[in-house]
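Examination of the molecular architecture
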Amino acid sequence: MQSSSCQAAAGCSLPKYAAKTGPLYQEVRDFINALDTKEGHLVTVLHKAQSTFGYLPVEVQQFVADEMGLPLAQVYGVVSFYTFFTMVPKGKFPISVCMGTACFVKGASRVLEAMKEQLQIGVGEVTADGKFSIDTLRCVGGCALAPIVMIGDRVFSNVTPGQVKKILAEF
Amino acid sequence: MQSIRTDQGDQTSRVMPDATHKQLRIATRNCGFIDPESIDDYIGVRGYQALATALQAPPAETVAIVKESGLRGRGGGGFPTGLKWEIASKNKADQKYMVCNADEGDPGAFMDRAVLEGDPHSIVEAMAIGGYAIGASKGAVYIRAEYPLAIKRLKKAMDDAKAYGLLGENILGSGFDFDIEIKYGAGAFVCGEETALIRSMEGQRGEPKTKPPFPAQSGYWAKPTIVNNVETYANIPAIILNGADWFSSIGTEKSKGTKVFALAGKIRNTGLIEVPMGITLGEVINEIGAGCPGDKKFKAVQTGGPSGGALTSKDLDVAIDYDNLIAKGSMMGSGGMVVMDEDDCMVSIAKFFLDFTMDETCGKCTPCRIGSKRLYEILAKITSGDGSMEDIDKLKGLASVIKDTALCGLGQTMPNPILSTLENYWDEYVAHVQDKKCPAGVCSALLTYSIDPKKCTGCGLCAIVCPVSCIAGAKKEAHSIDASRCIKCGSCYEKCKFDAVLKS
């Protein structure tokens with residue numbers, strides 16, 4: 001692809017995409033090479049890339065495009081289509097407030113407001129110190145425990161806005 | 001009845017014990033009763049016998065049994081499963097595919113997860129039966145990446161089945177080959193639509209296509225493909241073993257068998273239930289669910305998730321089946337059943353669902369892409385107190401147009417929450433636009449919180465729970481709320497033991 005010729009030419013603006021070395025890139029490359037076929041496996045590869053890098057910045061998308069032999073536009077189109085893929089890094093403790101119907105009728109939106117107010121960030125944003133990020137998700141299937149908030153791997157159930165301060169203090 | 005095991009994953013996905021004897025378990029027959037990670041346990045409850053039986057007869061016989069049973073798709077649409085199989089079985093192709101839709105995207109529903117976590121072998125067996133029936137040697141499960149335990153158990157089930165010769169090449173010496181691959185979803189509600197799901201499996205954006213051609217003619221990699229939901233598959237082995245007559249003796253005239261529902265929201269007994277078709281809504285809500293907690297009055301139940309409508313207290317005697325629910329402006333959907341009580345604002349609920357569909361529309365067709373946004377904007381205007389009667393008319397008109405013009409099921413059903421709430425809760429809409437009041441006390445723009453100084457004892461509990469610290473006052477003296485900073489979360493209202501916090 002284009003990047004190889006650019007690597008040779010000093011001063012080209014593309015080399016930052018070309019610097020695809022390091023163990024993380026190698027891990028994804030090995031994963032791709034182990035597939036029977038590249039055809040139809042873009043979503044599978046992006047899952048692997050996101051779990052390896054934590055998120056999918058443009059450099060990683062370009063890398064996946066090169067390795068899969070696809071245009072970057074197609075990779076970006078898929079990444080931006082699915083809510084599971086994120087182009088921004090998450091906080092050290094990613095907060096997910098469940099906004100499924102059951103959580104909603106049990107007051108999840110008020111819990112979310114309290115979270116945003118407490119951390120002074122919006123949905124999809126990260127705190128300045130990189131500690132927390134807030135996202136909403138569509139049902140974790142734990143409707144009997146609504147409203148649910150997940151922080152990292154920990155699940156908080158029957159959360160009320162008044163508990164938010166206390167919950168965050170645990171991290 | 002045996003006791004329910006609680007060690008299958010976490011307790012939230014287990015099926016509710018049948019205290020009222022109103023339930024009938026077919027799809028969830030093994031959930032909680034066998035070790036989902038043990039193939040021997042499954043074989044011990046007649047597992048893989050249905051596959052062995054099917055393999056001894058010509059494929060057309062299996063198709064005929066499923067057709068006669070009257071089984072309809074449990075993912076929401078309710079298309080007759082046997083008919084779908086028949087179409088695919090008659091199409092000649094060098095390769096066909098049997099796909100399982102396990103991308104449970106309906107918020108408030110977790111039936112598929114329960115079956116995959118509690119009885120994964122039943123899905124493996126059913127897919128192999130379906131593969132034999134239509135002549136497919138390959139299968140794929142399209143599953144949510146958010147269900148790690150279900151994925152783990154399904155993988156183990158597939159590995160064990162292979163080791164026992166029940167999956168892979170020459171199954172049980174019959175000469176029939178069948179293998180399954182797992183494909184991960186990445187969070188897109190529209191992928192529940194089968195053509196969108198197939199595109200997603202091919203690694204593309206999950207946008208639906210116009211039908212025909214139907215997937216049974218040209219689907220995954222342009223080959224005949226059957227897409228069935230997890231719950232649909234879970235019924236198959238039981239139908240093969242017990243016969244079409246047995247299955248069709250359960251349920252109503254046009255809806256046979258049982259349906260699994262996820263009861264959630266403002267209801268005492270939350271969890272999964274499986275009931276025969278034809279049971280009334282009232283039996284489900286008041287008997288199995290034991291009504292709303294805290295002696296609150298039942299107001300509505302949303303079936304069919306964001307594609308369904310609200311059913312009210314006057315619908316409690318409706319016998320649940322595909323056609324009756326559609327006649328009532330809702331739909332069966334995949335089985336979410338969210339109960340609401342008198343404290344829920346129906347305009348706000350409609351806005352919640354439109355917020356969801358606006359977010360989940362794939363953007364391919366204009367009515368859905370732009371229509372959902374416009375509907376949401378009008379609802380937001382109404383709930384913030386800026387709406388007029390004209391807006392309600394506009395809402396109704398636009399909703400009807402979208403219903404008729406959108407490309408796929410997502411767009412066509414998106415207006416249902418609005419149309420059904422307009423029909424049943426017209427007064428609430430009018431109260432929002434004319435009196436600028438939210439009768440249920442939910443829409444925060446139309447609410448203010450204050451403290452009654454006569455009742456306040458100055459205990460300070462409200463100030464402690466306030467997440468934005470906008471309540472102040474000296475100890476043992478009346479407190480007050482700084483309305484300019486109040487986010488109207490209602491924490492103080494809920495916590496106050498002396499009813500001193502007023503909501504108006």
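Please refer to the structure higher up on the page.
Keep in mind that what you see is a predicted model, and the values were worked out from it rather than measured. (Residues numbered from 1 in each chain as written. Chains lettered and ligands numbered in written order. Predicted model: local features only at pLDDT ≥ 70, side-chain atom pairs only at ≥ 80, totals over all residues. Heavy atoms only, no water.)

Describing helix H7 (residues 148-163) of chain B
Residues spaced three or four apart along an α-helix face the same direction, because each turn holds 3.6 residues. Residue and element names in this part refer to chain B. Under the 1.5 Å per step criterion, the end-to-end length of H7 is 23 Å for 16 residues, consistent within 8% with the ideal 22 Å. Where H7 is concerned, the buried positions are Ala150, Ile151, Arg153, Leu154, Ala157, Met158, Asp160 and Ala161. Tucked into the core, H7 has its buried residues touching helix H1 (39-44), helix H5 (111-118), helix H6 (120-134), strand E2 (138-144) and strand E3 (179-185). Directly after H7, the chain includes glycine 165, whose backbone phi takes a positive value near 75°. (Helix = DSSP H or I, 4+ residues; strand = E, 2+ residues; numbered from the N terminus. Expected span 1.5 Å × (residues − 1). Buried < 20%, exposed > 50% of the residue type's maximum accessible area, 1.4 Å probe, protein only. Contact = heavy atoms within 4.5 Å.)

Some remarks on the packing of helix H4 (residues 42-53) of chain A against helix H5 (residues 58-68) of chain A
Residues and elements named next belong to chain A. For the pair H4 and H5, interaxial distance at closest approach is 11 Å and the crossing angle is 140°. For the element pair H4 / H5, the angle class is oblique. Note that H4 runs across H5; the crossing there is right-handed. Counting all contacts with H4, which are made through Leu42, Val45, Leu46, Ala49 and Phe53, the residues of H5 involved are Val60, Val64 and Met68. Split into classes, the residues belonging to the contact of H4 with H5 amount to eight nonpolar, no polar and no charged. (Axes fitted to C-alpha atoms, helices over the stretch in contact; angles between N-to-C directions. Parallel < 35°, antiparallel > 145°, perpendicular 65-115°, else oblique. Left-handed = near helix turned anticlockwise from the far one by under 90°. Nonpolar A, V, L, I, M, F, W, Y, C, P; charged D, E, K, R; others polar.)

Notes on the interface of chain B and chain A
At the junction of the two partners, chain B supplies 56 residues and chain A supplies 38 residues. For the pair chain B and chain A, the summed buried area comes to about 3,700 Å², and 61% of that belongs to carbon and sulfur atoms. Interface area lost by chain B to chain A is led by Ala186, Arg205 and Phe352 of chain B, which between them contribute 16%. The interface formed by chain B and chain A contains two salt bridges. For glutamate 494 of chain B, the salt bridge is made with arginine 110 of chain A, and the minimal N-O distance between the two is 3.2 Å. Run the count over chain B and chain A and you get 14 residue pairs in polar contact (both at pLDDT 80 or more). Within the residue set of the side of chain B that touches chain A, elements represented by two or more residues are E2, E3, helix H8 (194-201), strand E5 (258-265), strand E9 (336-341), helix H13 (346-360), helix H19 (461-465) and helix H20 (491-495) of chain B. For the side of chain B that touches chain A, the element with the most residues is H13 of chain B, which contributes eight residues. Per-class residue counts for the side of chain B that touches chain A are 28 nonpolar, 14 polar and 14 charged. (Buried area = accessible area lost by both parts, 1.4 Å probe. Salt bridge = Lys/Arg side-chain N within 4 Å of Asp/Glu carboxyl O. Polar contact = N/O pair within 3.5 Å; in protein donor to acceptor, adjacent residues only side chain to side chain.)

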